[in-house]
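Reading the structure
Letter by letter, the chains look like this.
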Amino acid sequence: MVFESQKVASKYFVISAVFFGLQVVVGLLLILKYIWPDPLIGIIPFNTARAIHTNLLVVWMIFGFMGGTYYIVPEESGTELYSKKLANLQFWLLLIGGLVGVVGFLFGWTAGRPLLELPVELKWAIVVVALIFIFNVFMTMIRTKKWTAIQGMLLGGIVMLAVMWLFGIPFFKNLTLDYYYWWWVIHLWVEGAWELIAASLMAFVLLKITGVERQVIEKWLYVEVALVLITGIIGTGHHYYWIGTPGYWLWWGGIFSALEPVPIVLMVFDTLNHVRHKKLEITNRLVLYWTVGCALFHFFGAAVMGMLHTLPQVNRWTHGTQVTASHGHLAFFGAYAMLILTVIYYALPALKGLKQFNQRKGFWVFWITVSMMLTLGLAFGVAGVIQSYMQRGLGIDFLTVQGFMKPWFIAVFIAGLGFFIGVILFIIDVLQIAMKKE
Amino acid sequence: MERKTARNFFIWGTAVCTAIFIWLTIDTHTTIPKRTNTDKLTDEVVRGKRVWHKYNCNDCHTILGIGGYYSPDMTKVYSSRGENWLRIFLKNPESTDPQRRKMPNQKLSGDEIKNLITFFKWVDAIDTNEWPPKPITVAKVTGAPLEETAQILKGKNVYNQNRCDLCHRIGGQGGVIGPDLSHIGTKRDTKWLSNLIINPKSINPMTQMPAYPQLSEDEVQALASFLGGLK
């Protein structure tokens, strides 16, 4: 840490970790509903729980991104934050907004669109929060003497994030157009805006821990993000195969999403390369593990698992099955959850001025969450293959097929419990570091 | 490669792809009226879509393959179940089998049910590039081999659409409230069966089976032929 105002990041990290834990609790509840007849059907039915599970995911990740941004921007720009007050205000607004959203779901206050369930009033409130955030970051960046690629990419990412969000606000009469623009939020977030933010945060961490020249790191950042956007924007087409949009999307979507793994392979290669050519002794070995692990899991969860069912010939059978749940869990964990944990394990000890800290717990968190998420994702995958074959291939009734998938749902639950233990350890670790006296 | 080359690659690559994507979006919009029959997208359909959102149906069910994977896909529910079945089910979705996953009763009003069904009807006709795909083989409703004439297939459809399986069993599948129908054809002929379907109380005044006056004469005949063929 160099600047006093970077400290606003800590509370973002703490809330990020706590919401992560809550998300997993609700996840466990969801999978239980698959296994046994549901005693909570009257209070928290599946649809409400799913809305809470996915929205908590988005909220904790946004807290993580914002915390990471507030940590990095002063250091990159060589100046204090434009306004610590705004950063604090925006923190409370987002926290209250998130909580009101979750409680609202329990009372049926919903827009009823998957992942974008937040009611329209809250969606506009989020826009306000985003504008404060962007304003604060922008005003800090323009004080800089030397504009860096990391800054530019980060700013581009958060602006794109806010702009794409707008497409999720209106009501569409036509279901096909509804989903057409729904994907502008969902897909262009995770395979666009979020990748920009994640790539710049990661570039910063790599720059700091390896000491490799900025020129080299930023060059790769440009190449990677270019490829992410080149393949990812038109790659949105892999969601336009079966929703009522024209058949040419099978070609555009199929070809461009087949190329989507390229930037991720490059990212794995270039992370390992930077680590190999490091100019500094890496003292925070935990961060090194998370960095490399993140690159590898990003590749497996997003690139490999995504690629497997993105071709139209395969997707025809797997679309709308648990195969998507498998890919979703593995990809989000590898690409974003691990990234945010990397940033937290880098930035939080630094904020406290800790040159050394006890990393034992952090390594436990790493191995437990990685192995359990891998198991969980693969179990969902097997369930999805069974579903694709029996339900779509053989035309057997939906609920009958769910019975055959049950052993794999039990496997998901057990892995989920293990994962939960890892996340509890993480929360304890974060709280302990955050409460350390400097 | 220089850093500057990388930056130009980034700027131009992104710009070109964004332009292509916007061009494809504009073109897609021109195809929407025909592919989704926007002339049939009435206010009633829109009201039905609002019902769909209001009860957050989409976080359990998928539609066009998108949404929660907890419950069946709704894209083709109108043609596979039929209006009648949907109306009865939406009124009271509680399954007769407590061991299975069930849908909570949303207590929909009559209007809401009507609008929702109209919405499903409109969705059913969207050109989805033939998704969901036709199964490679179709699993049989009954264990006994059937000579599948058009009449019998139609009867099977009537059986499914009216959810006879909620009370009756064929080949081990279905409810336990009514008699097992797996071999009903060995005991009763089609004449007897059609009389029963039209007015169950005419045969047994104590029966709990409801009458099905909404079935047309053709449908009754088809159903009776299907059941009569179960031997």
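In the block above lies the structure referred to throughout.
Since this is a predicted model, take the numbers as computed values, not measurements.

Right, let's get into the overall build of chain B. Across its full length, chain B carries 8 helices and 4 strands. Ordered by position in the sequence, the α and β elements of chain B form the string α-α-β-β-α-α-α-α-β-β-α-α. Taken against the 2.2 N^0.38 rule, which gives 17 Å for 231 residues, the C-alpha radius of gyration of chain B at 24 Å runs more than 25% over that of a compact globule. The buried share among the 231 residues of chain B stands at 44%. When contacts within chain B are restricted to residue pairs at least 6 apart in sequence, long-range pairs at least 24 apart make up 57% of them. Surface exposure of chain B reaches about 12,600 Å², of which carbon and sulfur atoms provide 56%. Considering chain B, the positive charge centre built from 31 side chains and the negative charge centre built from 23 side chains are found 4 Å apart.

So, about the state of the cysteines. Residue and element names in this part refer to chain B. Applying the stated criterion across every chain yields a total of 0 disulfides over all chains. The thiol of Cys60 is unpaired, and the distance to the nearest cysteine sulfur, on Cys57, comes to 8.5 Å. Residue Cys60 is classed as buried on the basis of its relative accessible area of 13%. With no disulfide of its own, Cys167 has Cys164 as its nearest cysteine by sulfur position, at a separation of 8.6 Å.

To continue, consider the side chain of Lys352 of chain A. Residue and element names in this part refer to chain A. Examined against the element boundaries, Lys352 turns out to sit in the loop between α12 (322–351) and α13 (360–393). Given a relative accessible area of 15%, Lys352 falls into the buried group. When neighbours within four sequence positions are excluded, Lys352 is seen to be in contact with Ile433, Ala434, Lys436 and Glu438.

Counting 195 residues, the largest nonpolar core has Trp194 of chain A together with Phe119 and Phe120 of chain B as its most contacted members. When residues of this core are assigned to their parent elements, the largest contribution, 27 residues, is made by helix α6 (residues 175–210) of chain A. Apart from residues no more than four positions distant in its own chain, Trp194 of chain A is found in contact with Val58, Met61, Ile62, Phe65, Leu161, Trp189, Phe332 and Tyr336 of chain A. Of all hydrophobic cores here, the second largest spans 17 residues; its members include Tyr159, Leu181, Ile197 and Leu227 of chain B.

Throughout the structure, instances matching the rule amount to 58 aromatic pairs over all chains. The ring centre of Phe171 of chain A lies 4.6 Å from the NZ or CZ of Lys49 of chain B, which sits over that ring.

This part covers the interface of chain A and chain B. Each partner contributes to the interface: chain A provides 75 residues, whereas chain B provides 68 residues. Approximately 6,500 Å² of surface area, both sides summed, lies buried where chain A meets chain B, with 66% of it carried by carbon and sulfur atoms. Taken as a group, Phe171, Leu175 and Tyr222 of chain A account for 10% of the area that chain A buries against chain B, more than any other trio of residues on that side. Along the contact surface separating chain A from chain B lie 3 salt bridges. One salt bridge connects Asp59 of chain B with Arg50 of chain A, and the closest N-O pair in it is separated by 2.5 Å. Considering each element in turn, the side of chain A that touches chain B owes the most residues, 12 residues, to helix α7 (residues 214–235) of chain A. Class assignment for the residues of the side of chain A that touches chain B results in 45 nonpolar, 19 polar and 11 charged.

Glancing now at the pattern of salt bridges. According to the stated counting rule, one finds 15 salt bridges over all chains in the structure shown. Across the pair Arg87 of chain B and Glu83 of chain B runs a salt bridge, and its minimum N-O distance is 3.7 Å. Linking Arg87 of chain B with Glu83 of chain B, this pair stays in helix α4 (residues 83–91), spanning 4 residues, or about one helical turn. We classify Glu83 of chain B as partly exposed; its relative accessible area is 35%. In this structure, a network of salt bridges that share partners links the residues Glu76, Arg214 and Glu218 of chain A together with Arg3 of chain B.

Turning our attention to the packing of helix α2 (residues 46–77) of chain A against α6 of chain A. All names here are of chain A. Orientation of α2 relative to α6, taken along the N-to-C sense of each, is 45°, at an axis distance of 11 Å. On the basis of the axis angle, α2 is oblique to α6. Of the two possible hands of crossing, α2 and α6 adopt the one that is left-handed. Of the residues in α6, those in contact with Val58, Met61, Ile62, Phe65, Gly68, Thr69, Tyr71, Ile72, Glu75 and Glu76 of α2 are Trp189, Trp194, Ile197, Leu201, Phe204, Leu207 and Lys208. Its residues assigned to classes, the contact of α2 with α6 comprises 12 nonpolar, 2 polar and 3 charged.

A word on unusual backbone geometry. Residues and elements named next belong to chain B. Residue Pro132 is reached from Trp131 by a cis peptide bond, and omega for that bond is -5°. Tracing the backbone through its elements, the reader meets Pro132 in the loop between α5 (110–124) and α6 (150–161). Notably, Leu64 is not glycine yet its phi reads approximately 55°, a positive angle. Looking at the secondary structure, you find Leu64 in the loop between β1 (62–63) and β2 (66–67). For Glu130, which is not glycine, the phi torsion reads 60° and is therefore positive. Checked against the element boundaries, Glu130 lands in the loop between α5 and α6. Take Glu130: its relative accessible area is 65%, and that puts it in the exposed class.

Calculation notes
Residues numbered from 1 in each chain as written. Chains lettered and ligands numbered in written order. Predicted model: local features only at pLDDT ≥ 70, side-chain atom pairs only at ≥ 80, totals over all residues. Heavy atoms only, no water. Helix = DSSP H or I, 4+ residues; strand = E, 2+ residues; numbered from the N terminus. Rg over C-alpha atoms; globule rule 2.2 N^0.38 Å. Buried < 20%, exposed > 50% of the residue type's maximum accessible area, 1.4 Å probe, protein only. Contact = heavy atoms within 4.5 Å. Areas by Shrake-Rupley, 256 points an atom, 1.4 Å probe, with all protein chains shown as cover. Lys, Arg positive; Asp, Glu negative; His and termini not counted. Charge placed at Lys NZ, Arg CZ, Asp CG, Glu CD. Disulfide = S-S within 2.5 Å. Core = buried A, V, L, I, M, F, W, Y, C linked by side-chain atoms within 4.5 Å. Phe/Tyr/Trp six-rings, centres within 6.5 Å; stacked < 30°, edge-to-face > 60°. Lys NZ or Arg CZ within 6 Å of the ring centre and 35° of its normal. Buried area = accessible area lost by both parts, 1.4 Å probe. Salt bridge = Lys/Arg side-chain N within 4 Å of Asp/Glu carboxyl O. Nonpolar A, V, L, I, M, F, W, Y, C, P; charged D, E, K, R; others polar. Axes fitted to C-alpha atoms, helices over the stretch in contact; angles between N-to-C directions. Parallel < 35°, antiparallel > 145°, perpendicular 65-115°, else oblique. Left-handed = near helix turned anticlockwise from the far one by under 90°.

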